[in-house]
Amino acid sequence: MSTETTANESFSDSPVLDPAATTLSQESISQEIADIHAAYRQSVVEGKKAETQPRIDFAPYRSSLLRHPTKNLRHVDPETIELHSPAFGQRDVHALESDLTIQHNGEPIGERIVVAGRVLDGDGRPVAGQLVEIWQANAAGRYIHKRDQHPAPIDPNFTGVGRAITGPNGEYSFTTIKPAPYPWKNHHNAWRPAHIHFSLFGTDFTQRMITQMYFPGDPLFSLDPIYQAITDKEARDRLVASYDHSLTTHEWATGYNWDIVLTGANRTWMEDEEGDH
Ligand SMILES: [Fe+2]
């Protein structure tokens, strides 16, 4: 199974950053992004193929240089165990694991949301039985991760991780809290748009894909070098969920729809497995 979606993500709170990065202004980063995008658009005008995946070397995202192999890839056959694992059945992942709001004794603080959609292959066929994992910051923009030390409160009732297995029609649904933007150390005054990290497994460990889902209308999109590492606007747009009133429930939660397409021209962008911002 070929699993290709636009990947977008990294959670390594420990990027090896150039100390000088903290003095770089948002304006200079934004200018770098604009220059790269302008060159990309020109290359498309000149007949080059559209890029639907992120650039692995995207200079405005300073630590991207450290997040990919530097030597040529070598094809290696997967080990036997990798062809059989992970194997998940209905009993391995409990239905309640897709509700991130009920993992503790109390209610987490924040805006309760439902994020639901389908996992599809490039021909629009549902991908059933797929393990979908998510992780995210809380309503204050804080991860529970100990390396996340920015001055926003941890919510004792919110861990920020969940998982689900797609149903017969490729469907998944998570109940969670809307995450907030948070700062990171790419440059001075750098903030990530609100996002939820997604990981999808195929039929073996070698097919893992990681990406991020964003929320519509986020004012930080244009400033964010991770989101903008996807030079193609349509590919970027595919990472943004839609508000869906049919998923919104009376006096309970607002709903967002996000489909994940694994292969083909409309695939979602997926990232490498290194980090997470
Ligand atoms: Fe993140």
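Residues numbered from 1 in each chain as written. Predicted model: local features only at pLDDT ≥ 70, side-chain atom pairs only at ≥ 80, totals over all residues.

1. Here we look at the overall build of the protein
No. 1: Scanning the protein for helices and strands turns up three helices and eleven strands.
No. 2: Taken across its 277 residues, the protein has 37% of its residues classed as buried.
No. 3: Summarising the internal contacts of the protein: among those between residues at least 6 apart in sequence, 78% fall at separations of at least 24. (Helix = DSSP H or I, 4+ residues; strand = E, 2+ residues; numbered from the N terminus. Buried ≥ 20, exposed ≤ 12 C-beta atoms within 10 Å, placed from the backbone. Contact = placed C-beta atoms within 7 Å.)

2. Quick look at the environment of Lys178
No. 1: Note that Lys178 resides in the loop between β4 (171–177) and β5 (182–184).
No. 2: Along the backbone, Lys178 and Gln136 are 42 residues apart, and their C-alpha atoms lie at a distance of 9.0 Å.
No. 3: Those residues within four positions of Lys178 in sequence are excluded, and the remaining contacts are Gly110, Glu111, Ile113, Ala139 and Ala194.

3. Overview of the pairing of strand β2 (residues 131–136)
No. 1: Examined bridge by bridge, β2 and strand β3 (residues 161–165) share five bridges and lie antiparallel to one another. Looking at the pairing, Glu133 lines up with Arg163 of β3.
No. 2: Note: β2 against strand β7 (residues 195–200), five bridges, orientation antiparallel. Directly across from Val132, in β7, lies its bridge partner Leu200. (Pairing = 2+ DSSP bridges.)

4. Regarding the pairing of strand β10 (residues 254–257)
No. 1: Strand direction decides the pairing type here: strand β1 (residues 112–120) and β10, joined by four bridges, are parallel. Considered in β10, the bridge of Val114 is made with Gly255.
No. 2: Bridging between strand β9 (residues 242–243) and β10 involves two bridges; their strand directions are antiparallel. Each residue of the ladder has a partner; that of Tyr243, found in β10, is Tyr256.

5. A look at the sheet that holds β7
Adjacent strands of a sheet pair through backbone hydrogen bonds, lying either parallel or antiparallel.
No. 1: Spatially, the four strands line up as an open sheet ordered β3-β2-β7-β8, and their pairing is antiparallel. Of all strands in the sheet, those with a lone pairing partner are β3 and β8 (209–214), marking the two edges. Pairs of neighbouring strands in the sheet enclose a mean axial angle of 25°, with direction left out of account. (Axes fitted to C-alpha atoms, helices over the stretch in contact; angles between N-to-C directions.)

6. What to know about the confidence of the model for the protein
No. 1: Chain-level statistics for the protein give a pLDDT mean of 86 and a share of 83% at 70 or above.
No. 2: Across residues 1–5, where pLDDT falls below 50, the model places 22 contacts with residues more than four positions away in sequence or in other chains.
No. 3: Long-range and interchain partners of residues 10–16, a stretch whose pLDDT sits below 50, account for 22 contacts in this model, where long-range means more than four residues apart. (pLDDT = per-residue confidence, 0-100.)

7. What about helix α1 (residues 26–45)?
No. 1: In a regular helix each residue adds 1.5 Å, so 20 residues correspond to 28 Å; α1 covers 28 Å between its end C-alpha atoms and thus fits that length.
No. 2: Gly47 sits one or two positions beyond α1 and adopts a positive phi of about 105°. (Expected span 1.5 Å × (residues − 1).)

8. Re the environment of Pro179
No. 1: Along the chain, the position of Pro179 falls in the loop between β4 and β5.
No. 2: Each C-alpha atom, one on Pro179 and one on Gly110, is 8.2 Å from the other, the two residues being 69 residues apart in sequence.
No. 3: Every residue in contact with Pro179, bar those within four places of it in the chain, is listed here: Gln136, Ala137, Asn138, Ala139, Gly141, Ala194, His195 and Ile196.

9. So, the nonpolar core
No. 1: Counting residues in each nonpolar core, the largest one holds 41 residues, and the members touching the most others are Val115, Val119, Phe198, Leu200, Met213, Tyr214 and Ala241.
No. 2: Contributing elements (two or more residues each) for this core: β1, β2, β3, β4, β7, β8 and β11 (260–261).
No. 3: Residues within four places of Ala241 in sequence aside, it is in contact with Val115, Met213, Tyr214, Phe215, Pro216, Tyr256, Asn257 and Trp258. (Core = buried A, V, L, I, M, F, W, Y, C linked by C-beta atoms within 7 Å.)

10. Overview of unusual backbone geometry
No. 1: Located in the positive-phi region is Asn189, a residue other than glycine, with phi close to 60°.
No. 2: For Asn189, a count of 12 C-beta atoms within 10 Å corresponds to the exposed category.
No. 3: We note that Glu251 has phi near 55°; this positive angle belongs to a residue other than glycine.
No. 4: By the secondary structure assignment, Glu251 is in the loop between β9 and β10.
No. 5: Overall, Glu251 belongs to the exposed group, with 4 C-beta atoms counted inside 10 Å.

11. Some remarks on the environment of Tyr172
No. 1: Along the chain, Tyr172 falls in strand β4.
No. 2: Separated by 86 residues in the primary sequence, Tyr172 and Trp258 place their C-alpha atoms 9.6 Å from one another.
No. 3: When sequence neighbours within four positions are dropped, the list of residues in contact with Tyr172 reads Ala116, Gly117, Val119, Val132, Ala164 and Thr166.

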